[in-house]
Amino acid sequence: MNIVVLVKQVPDSGGERALSESDFTVERGSASNVINEMDEYAIEEALKVKEAHGGEVTVLTMGPAGAAESIRKALSMGPDKAVHVTDDGLHGSCAVATSKVLAAALGTLNPDLVLCGAESTDGRVQVMPHMLAERLGIAALTGARKLTVDGGQLTVERQTDEGYEVVTAATPAVVSVWDTINEPRYPSFKGIMAAKKKPVQALSVADLGIPAGEVGLAGATSAVLEFAKRPPRSAGRKVVDEGDGGAQLVAFLATEKFV
Amino acid sequence: MAEVLVVVEASQAAGVKKVTLEILTLARTLGSPSAVVFGDAAALTDRLAEYGAEKVYAASGEDVEDYLVAPKATVVAELVRSVRPAAVLLASTQEGKEIAGRLAVKLDNGLLTDVVGVEADGTATQAVFAGSGIVKSRVTRGLPIVAIRPNSITPEPAPASPSVEQLTVSVPDTDKLTRVVERVAETKGARPELTEASIVVSGGRGVGNADNFKLVEELADLLGGAVGASRAAVDAGFYPHQFQVGQTGKTVSPQLYVALGISGAIQHRAGMQTSKTIVAVNKDAEAPIFELADFGVVGDLFKVVPQAAEEIRQRR
């Protein structure tokens, strides 16, 4: 099975994050950049499918030159090769343009199965799997907590607000996963060494046959006008329980009219 | 006044979801609200009318209901082409965002998600980076396709008398690739849904085990709230993942958030820091949750919570 995993480099969600003051794109310079956490689960799932059914796993990343570091990290977990779509013209691309670029790149790879995280920790927009499916005319099975592959037939248990749904589709398909689906492996020393030699193909926007004006800030379908950090919450009253903590808590809730 | 399409979210158990009433309330400030219902509209029309829907479009049948979101996006895209609405408003939930994403590609149109307000000129306010940043933004290509975060707007009734139009749906085969074969409800009791609840009571690692979550549930029920859990509690198997609040779970923004035995790691704060009032109980006086709590009790939650529950009962 020809499997492609989408991997996005994002600013560490554990650190301070901001939009750049000059063009309101995600600030990458000051942040520590990591693989989007949910994507590690997609990589793990891809490797499990390959181990059970054979095939090849390709990492696909769109991002600036610095994303190469995350690609090597992803490869150290076990995928065979990577494609890095990188181009200064992509800076500031919106979700709609990003899906155009990724769909074109997937077109060159002709995958049976595309795996990705259910959302990225920076944008949290959650639209990419369905956007790609829409562009490629293939199935999307999103929010998987369990994936079963039976030949060319996929069955996914998908988490919903009410519980879960079981959805099925034939390959080719895009499957996005939550962190409940597996436990990602740690790269071994051997894996880290091997990753250094794995092929990483660089593609530009022109290589994908997309006009430059359709991507980046110039081609964006939405614009940020202002960015402000929310003023930090200030701590309120803190009491140490001396036998009446519960009563004091309810007294506070009563003054706020919750009880 | 131009129509504003409102994509309705409803469940069999609860009918029209609160977020849809919030969106209808917002839609009235932007134009004439037209609700788009998937499935049986008859059961929902009264509620939609109460909140100002001037029109109800209904699309039903197995072509729409038995497949994952793609047919719904096709229905909305057809409506956009025929009605030429001023905007399309959806809920910033998994399904709402997925429909919005497909719609944006179909129409080569911009979209905004996690929106907490929209002004008359289409400028949207978005919560970004887990609520630590606020952005003003707008769609610059096409009409505004905007997904509204639950609990961002106070729903206000404004009765209307909508006409109901049953849509004839023709769904292409490429929309019928992902079939829904089973829907299983796992919600617990009659509690409000987590993202829609005005009060959320969450438990963390300090709750200790799955059985002790009864304490969290009891307080939630006394307050009429939903139950949430931190990632640590979910990972430890105390409570199911769909109730997880935080970076890799749900984002909530209730009037009151009660954190029990939750240290307040950045991963958890990401999912709840825009709550209006936060109270916390934790035995560790240095727990970071106290930095954002309006009221905190340093103490043993197994003593504090039962006492609080008893106190609430007595005040009734």
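What you see is a predicted model; the values in this text were computed from it and never measured.

What follows is about the overall build of chain A. Helix and strand content of chain A: six helices and 13 strands. With respect to the principal axes defined by its C-alpha atoms, chain A has extents near 65 × 45 × 40 Å.

All names here are of chain A. Bridge count for strand β7 (residues 139-150) against strand β8 (residues 153-159) is six bridges, and the pairing is antiparallel. Bridge pairing links Ala144 to Arg158 in β8. The turn joining β7 and β8, which pair antiparallel and follow one another in sequence, is formed by two residues; a positive phi near 60 degrees is taken by Gly151. Two elements, β8 and strand β9 (residues 163-170), share seven bridges in a ladder whose sense is antiparallel. Pairing of Gln153 across the sheet is with Ala170, part of β9. Between the antiparallel neighbours β8 and β9 lie three residues.

Attention now goes to the interface of chain A and chain B. In this complex, chain A contributes 68 residues to the contact, which on the side of chain B involves 78 residues. Counting only elements with at least two residues in the side of chain A that touches chain B, the list comes to α1 (37-53), α3 (95-109), α4 (128-136), β7, β9, β12 (222-229), β13 (237-240) and α6 (245-255) of chain A. Of the residues contributing to the side of chain A that touches chain B, the split by class is 32 nonpolar, 19 polar and 17 charged. Inspection of the sheet shows β13(A) paired to strand β17 (residues 295-298) of chain B by four bridges, in the parallel sense. The residue of β17(B) that forms the bridge with Arg237(A) is Phe295(B).

Before going further, it helps to examine the environment of Ala206(A). Looking at the secondary structure, you find Ala206(A) in the loop between β11 (200-203) and β12. Each C-alpha atom, one on Ala206(A) and one on Lys229(A), is 37 Å from the other, the two residues being 23 residues apart in sequence.

Rules used in this analysis
Residues numbered from 1 in each chain as written. Chains lettered and ligands numbered in written order. Predicted model: local features only at pLDDT ≥ 70, side-chain atom pairs only at ≥ 80, totals over all residues. Helix = DSSP H or I, 4+ residues; strand = E, 2+ residues; numbered from the N terminus. Pairing = 2+ DSSP bridges. Contact = placed C-beta atoms within 7 Å. Nonpolar A, V, L, I, M, F, W, Y, C, P; charged D, E, K, R; others polar.

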